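Next come the chains, spelled out residue by residue.
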Amino acid sequence: MTTNNGEFLNFLKKRGFVSQCTNEISLQKTLKQATTGYIGFDCTSDSLHVGSLLPLMILRNFQRFGHKPIVLLGGGTTLIGDPSGKDDTRKILSKKEIIKNKKNLKKIFEKFISFKNSKTNSAILVDNYQWLSTLKLIDFLRNIGSKFSVNKMLSLESIKQRLNREQNLSFLEFNYSIFQAFDFLELYRNHNCKVQFGGSDQWGNIVSGIDLIKKLEKTEDIFGLTSPLITTTDGKKMGKSESGAIWLSEEKLNIQNFWQYWRNTSDEDVIKFLYLFTDIETEKIQKFKDYKGSELNNLKI
């Protein structure tokens, strides 16, 4: 389905995808034309889990509304480690492990968005290792690092939490937000990418990228949009069960167990999950709101 480009943002808001947005009025105007946007995925595992379904559905709908999605694989940033939402330093993976993870992740992306060249808005897959691996330290510090305030970086939620808890924060991780901002700059310059999507924990990193582009490219036509952290009615973060993570690949999770996870959705979460994780039309879901008992069970199935 291809819909009016300009309706994409309204669609996201109606379905519950939006937490924060920079300059919503200007973004709405920009989205009236076909626009390129991206989400980054680090390669810390050979699969994604249910917690990654929200960004995948945003990219899926972005493409359905006629826009061009970019999947940015963090082959470079995975070598550094994102401190967001973590109490400890992430395990540093070898380059060999990261290459294996990248191959497996692409198979998952292909289930949600189309990379076929026949589509004018076909998705593209890029890897930030391509540019991060060739950076020269002195040039990078002068041209990019000089645009960042350490005071502002210390106020980022991911940094602040670690420091408040007096937990170790490596110099490597401290630089993560600069590299993520640089990714946005690279995608803007090489793909005219104007929107970065991400989870609510990425807000500070996204804004850092927008500020960097505005300083270097003298443009205001650049945006960020975050989605909320999705929890179930019992307050648990999505993506986990008693038996472990709910993976999105058959190699890591039996299909029957994946199906059972959704079948066990609590009654209160059914409508919310239909809005977020299905292609069912909004108007049709609205008619399900009064369903109870067996009707509700059928919706789960």
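Everything here concerns the structure above.
All residue numbers refer to position in the chain's written sequence, counted from 1. Local features in this predicted model are restricted to residues whose pLDDT is 70 or higher, and side-chain atom pairs enter the listing and the counts only when it is 80 or higher, whereas totals over whole chains, interfaces and linings include all residues. Side-chain metrics in this entry use all non-hydrogen atoms of the structure; hydrogen atoms and water are not considered.

Is there a simple way to explain the overall build of the protein in this structure?
Numbering goes from the N terminus for both helices and strands, where a helix is a DSSP run of H or I of at least four residues and a strand is a run of E of at least two. Looking only at helices and strands, the protein features 15 helices and eight strands. For the protein, the C-alpha radius of gyration of 20 Å lies close to 19 Å, the compact-globule estimate for 301 residues. Overall, the protein is about 65 × 45 × 40 Å in size when its C-alpha atoms are taken along their principal axes. Relative to its 301 residues, the protein shows a buried fraction of 49%. Long-range contacts, defined as pairs at least 24 residues apart, comprise 77% of the intrachain contacts of the protein with a sequence gap of at least 6. With residues, only the protein chains shown are counted as cover, and all accessible areas are computed by Shrake-Rupley using a 1.4 Å probe. When the accessible area of the protein is evaluated, it comes to approximately 15600 Å², of which 50% is carbon and sulfur surface. None of His or the chain ends enter the tally, which takes Lys and Arg as positive and Asp and Glu as negative. All charge positions are set by atom: Lys at NZ, Arg at CZ, Asp at CG, Glu at CD. Once the 44 positive and 33 negative side-chain charges of the protein are each reduced to a mean point, those two points are 4 Å apart. In this description the radius of gyration comes from C-alpha coordinates, and the expected globular size is given by 2.2 Å times residues to the power 0.38. Exposure classes here rest on a 1.4 Å probe applied to the protein chains alone. A residue is buried below 20% of its type maximum, exposed above 50%, and partly exposed in between. Any two residues having at least one pair of non-hydrogen atoms within 4.5 Å are treated as being in contact.

Any chance you could explain the nonpolar core here in plain terms?
Among soluble globular proteins, nonpolar side chains are generally buried collectively. Judged by nonpolar contacts, the single largest core of 45 residues is most densely connected at Phe 109 and Phe 277. For this core, the element with the highest residue contribution is helix H3 (residues 53-64), accounting for seven residues. For Phe 109, the residues in contact, after removing those within four places along its chain, are Phe 41, Leu 48, Leu 56, Val 71, Leu 73, Phe 115 and Leu 125. What makes a nonpolar core is a set of buried Ala, Val, Leu, Ile, Met, Phe, Trp, Tyr and Cys residues whose side-chain atoms join them at distances within 4.5 Å. Listed in part, the 30 residues of the second largest apolar core include Ile 70, Leu 169, Ala 181 and Leu 187.

Where do I start with the pairing of strand E3 (residues 68-74) in this structure?
Note on strand geometry: in a regular strand, side chains alternate between the two faces of the sheet. The buried fraction of E3 is high, at six of seven residues. One ladder, built from seven bridges, connects strand E2 (residues 36-42) with E3; its direction is parallel. Of the residues in E3, the one forming a bridge with Gly 37 is Pro 69. A crossover counts as right-handed when, viewed with the strands pointing away from the observer, the path leading from the first strand over the helix to the second turns clockwise. The parallel pair E2 and E3 is bridged by H3, and the resulting crossover is right-handed. Think of it this way: DSSP has to see at least two bridges between two strands before they count as a pair. By the bridge criterion, four bridges tie E3 to strand E4 (residues 124-127) in an arrangement that is parallel. Along E4, the bridge assignment pairs Ile 70 with Ile 124.

What is the right way to look at the packing of aromatic side chains in this model?
Where two aromatic rings form a pair, the distance of their centres and the angle of their planes describe that pair. Aromatic pairing here means that ring centres of Phe, Tyr or Trp (its six-membered ring) are within 6.5 Å. Orientation follows from the plane angle: under 30 degrees is stacked, over 60 is edge-to-face, and everything else is tilted. As enumerated under the stated definition, the model contains 15 aromatic pairs in all. Residues Phe 8 and Phe 62 carry aromatic rings whose centres are separated by 5.2 Å and whose planes lie at 65° to one another, so their mutual orientation is edge-to-face. Here Phe 8 is found in helix H1 (residues 8-15), whereas its partner Phe 62 is found in helix H3, with 54 residues between them in sequence. Of the residues examined, Phe 62 reaches a relative accessible area of 0% and is grouped as buried. Here Tyr 38 and Phe 184 contribute two aromatic rings whose centre-to-centre distance is 5.5 Å and whose plane-to-plane angle is 65°, an arrangement assigned as edge-to-face.

What exactly am I supposed to notice about the sheet that holds strand E6 (residues 223-227) here?
Paired through their backbone hydrogen bonds, the strands of a sheet run either parallel or antiparallel. With mixed pairing, six strands are arranged side by side in an open sheet as E1-E6-E5-E2-E3-E4. Lying at the two open borders of the sheet, with one neighbouring strand each, are strand E1 (20-21) and E4. When strand E5 (residues 193-199) meets E6, the two strands line up parallel, connected through five bridges. Counterpart to Gln 196 in the pairing with E6 is Gly 224. Note on geometry: axes are C-alpha line fits, over the in-contact stretch for helices, and angles between N-to-C directions span 0 to 180 degrees. Packing of helix H4 (residues 95-109) onto the sheet brings it into contact with E2, E3 and E4, and relative to E3 it is tilted by some 155°.

Teacher, can you tell me more about a nonpolar patch on the surface here?
Nonpolar side chains (Val, Leu, Ile, Met, Phe, Trp, Tyr) are joined into patches within 5 Å and like charges within 9 Å, using only residues with over 30% relative accessible area and no salt bridge. We define a salt bridge as a side-chain nitrogen of Lys or Arg found within 4 Å of a carboxyl oxygen belonging to Asp or Glu. Side chains of Val 150, Leu 154 and Leu 163 sit close together on the surface and give an oily, nonpolar patch of about 240 Å² of accessible area. Within the secondary structure, Leu 163 is located in helix H8 (residues 157-164).

Looking at this model, I keep getting lost on helix H11 (residues 203-217). Mind explaining?
Since there are 3.6 residues in each turn of an α-helix, residues three or four apart along the chain are aligned in direction. Given the number of residues in a helix, its expected span is that number minus one, multiplied by 1.5 Å. Helix length check: H11, at 15 residues, gives a terminal C-alpha distance of 21 Å against a target of 21 Å (1.5 Å per residue), a fit within 8%. Residues Asn 205, Ile 206, Ser 208, Gly 209, Ile 210, Leu 212 and Ile 213 constitute the buried set of H11. Contact partners of the buried residues in H11: helix H10 (176-191), E5 and E6. Just past H11, the residue Lys 218 takes up positive phi, approximately 50°.

Any chance you could explain the pattern of salt bridges here in plain terms?
As a working rule, side chains carrying opposite charge can pair if their charged atoms are close by. All chains considered together, the criterion is met by 14 salt bridges. In this structure, the salt-bridge partner of Asp 279 is Arg 60, at a minimum N-O distance of 2.6 Å. Here Asp 279 is found in the loop between helix H13 (270-277) and helix H14 (282-286), whereas its partner Arg 60 is found in helix H3, with 219 residues between them in sequence. Between Asp 221 and Lys 194 there is a salt bridge, and its shortest N-O distance comes to 2.8 Å. Taken together, the residues Asp 221 in the loop between H11 and E6 and Lys 194 in strand E5 connect sequence positions 27 residues apart. Counted as one network, the salt bridges with shared partners bring together Asp 46, Lys 100 and Lys 252.

Where do I start with unusual backbone geometry in this structure?
Most peptide bonds adopt trans geometry, and most residues besides glycine take a negative phi value. Positive phi is not limited to glycine here, since Glu 166 has a value of about 55°. When you line up the elements, Glu 166 lands in the loop between H8 and helix H9 (171-174). Judged by its relative accessible area of 75%, Glu 166 falls in the exposed class. In this structure, Lys 218 is a non-glycine residue whose phi angle is positive, near 50°. Its place among the elements puts Lys 218 in the loop between H11 and E6.

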